[in-house]
Amino acid sequence: MASDEAAPSLRQRRRGVAVGEILTASERHVDEHGPAGLSLRAVARSLGMTVQALYHYFPRRDDLITALVTKAFGDLADAVQAAADTPPHDPAVPRLVAAAEGFRTWAITHPERFQLIYGTPLRHYEAPVEGATTQSVRRMSAVFRRELLGGYTPAQLAACESPELSPSFQAHLERLPPDGLGSLPAPAAALFLSTWGHMYGLVALEVFGHTAFVGAHQAEVFRVAMLNLVADVRRRIPGP
């Protein structure tokens, strides 16, 4: 049966190849010089093209940064999902811990790209509202939300143990988009944010060199912390 969608034209295929090469060169530049050192002129020069030719594909610096951020989140989400889906050497390791370790491994392997998406915001850059970067963040969040809370019913999540939330905070959580944390009861959304902050904080401390004193034991410290985190979450959510 013939496909209803027309195959990409030669021009579209060539454009796709060019965009891919520009993104790869830009990632390499970020890896070497850090996010703040991103230079469209240097990227163009590394590809043997003029900066005016590069503007044909990315009219503004912000467009290139948005594409890089979106790709980084996509690569990170892929790594996290692959880690969660890979059978662990120790069957006792929960999928959430495996997913968190996938997050950590990607971050310490690509510290500059981690800084691009989770570090100090780039000056003069504004991500598009409800654009590609927002969707990428939600995809990343969905992986962890599924691994942390996917096995519980809405009633269990609504009854999870949590400090009392202020009315304004609870109302804010309930207004979040339904394809994000808005799909969770407010107590569970607050628990998820706390869990996420704990995991991210440990990874950020390591990526930025603040836990070097632990030496070669950083992976073990992280796993112990994640196992404790999972145990705490399970304690806070009532059984069926």
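Right above here is the structure, for reference.
Quick summary incoming for the structure in this document. (Residues numbered from 1 in each chain as written. Predicted model: local features only at pLDDT ≥ 70, side-chain atom pairs only at ≥ 80, totals over all residues. Heavy atoms only, no water.)

**A short note on empty space enclosed by the protein**
If a probe as big as a water molecule is rolled over the atoms, it shows which places are left empty. The full count for this structure, using the stated rule, is one cavity of 30 Å³ or more. A volume near 70 Å³ is recorded for the largest cavity. What lines the largest cavity is Leu96, Phe144, Leu148, Phe192, Thr195, Trp196, Met199, Met226 and Leu229. Looking at the lining of the largest cavity, the elements with two or more residues in it are helix 7 (132–149), helix 10 (186–207) and helix 11 (218–236). At four residues, helix 10 tops the list of elements feeding residues into the lining of the largest cavity. (1 Å grid on protein atoms, 1.4 Å probe; cavity = no way out; pocket = protein on both sides within 12 Å on 5 of 7 lines; lining within 4 Å. Points joined across faces, edges and corners; volume = space filled by probe spheres on them. Helix = DSSP H or I, 4+ residues; strand = E, 2+ residues; numbered from the N terminus.)

**What to know about the packing of aromatic side chains**
Tallied over the entire structure, the rule returns twelve aromatic pairs. The interplanar angle of 85 degrees and the centroid separation of 6.1 Å between the aromatic rings of phenylalanine 103 and phenylalanine 114 together place this pair among those described as edge-to-face. Note that phenylalanine 103 is positioned in helix 5 (residues 95–109) and phenylalanine 114 in helix 6 (residues 111–118), a separation of eleven residues in sequence. Considering the side-chain rings of tryptophan 196 and tyrosine 200, the 6.4 Å spacing of their centres and the 15 degrees angle between planes classify their relative orientation as stacked. With tryptophan 196 and tyrosine 200 both in helix 10 and four residues apart, the pair spans about one turn of that helix. A residue is classified by how much of its surface remains accessible, and tryptophan 196, at 21% relative accessible area, is partly exposed. Note on tyrosine 200: relative accessible area 21%, which makes it partly exposed. Through successive ring pairs, a cluster of aromatic residues spans Phe73, Phe103, Phe114, Tyr118, Phe144, Trp196, Tyr200 and Phe208. (Phe/Tyr/Trp six-rings, centres within 6.5 Å; stacked < 30°, edge-to-face > 60°. Buried < 20%, exposed > 50% of the residue type's maximum accessible area, 1.4 Å probe, protein only.)

**Quick look at the pattern of salt bridges**
Evaluated as defined, the whole model comprises 15 salt bridges. A salt bridge links glutamate 27 to arginine 113; its shortest N-O distance comes to 3.8 Å. Taken together, the residues span a long stretch of sequence, with glutamate 27 in helix 1 (residues 10–33) and arginine 113 in helix 6 at a distance of 86 residues. Each of the two residues, glutamate 27 as well as arginine 113, counts as buried. (Salt bridge = Lys/Arg side-chain N within 4 Å of Asp/Glu carboxyl O.)

**Observations concerning the layout of surface pockets**
Size it by volume and the largest pocket reaches roughly 340 Å³. Around the largest pocket sit 14 residues that line it, and Val137, Arg138, Ser141, Gly180 and Leu181 are the ones nearest its centre. Tallying contributions element by element places helix 7 first for the lining of the largest pocket, with five residues. Size it by volume and the second largest pocket reaches roughly 240 Å³.

**What about the nonpolar core?**
Membership of the largest hydrophobic core comes to 64 residues, with the highest contact counts inside it found for Phe103, Phe114, Ile117, Phe144 and Leu149. Broken down by element, the residue count for this core peaks at eleven residues, all from helix 4 (residues 61–85). (Core = buried A, V, L, I, M, F, W, Y, C linked by side-chain atoms within 4.5 Å.)

**Points about unusual backbone geometry**
Residue histidine 124 is not a glycine yet carries a positive backbone phi of 70 degrees. Among the structural elements, histidine 124 can be located in the loop between helix 6 and helix 7. According to the relative accessible area criterion, histidine 124 is exposed, its value standing at 69%.

**Focus on the packing of helix 5 against helix 6**
The geometry of helix 5 relative to helix 6 is characterised by a closest axis approach of 5 Å and an angle of 110 degrees between their N-to-C directions. Taken together, helix 5 and helix 6 sit at an angle that is classed as roughly perpendicular. Across the interface between the two elements, Phe103, Trp106, Ala107, Ile108 and Thr109 from helix 5 touch Pro111, Arg113, Phe114, Ile117 and Tyr118 from helix 6. For the contact of helix 5 with helix 6, the per-class residue count stands at eight nonpolar, one polar and one charged. (Axes fitted to C-alpha atoms, helices over the stretch in contact; angles between N-to-C directions. Parallel < 35°, antiparallel > 145°, perpendicular 65-115°, else oblique. Contact = heavy atoms within 4.5 Å. Nonpolar A, V, L, I, M, F, W, Y, C, P; charged D, E, K, R; others polar.)

**Some remarks on the packing of helix 4 against helix 7**
Contact geometry for helix 4 and helix 7: axes closest at 8 Å, N-to-C directions at 15 degrees. One element, helix 4, and the other, helix 7, form an angle in the roughly parallel class. As helix 4 runs across helix 7, the sense of the crossing is left-handed. Contacts between helix 4 and helix 7 involve Thr66, Val69, Thr70, Phe73, Gly74, Leu76, Ala77, Asp78, Val80, Gln81 and Ala84 on the former and, on the latter, Ala132, Thr133, Ser136, Val137, Arg139, Met140, Val143, Phe144, Arg146 and Glu147. Tallied by class, the residues present in the contact of helix 4 with helix 7 amount to eleven nonpolar, six polar and four charged. (Left-handed = near helix turned anticlockwise from the far one by under 90°.)

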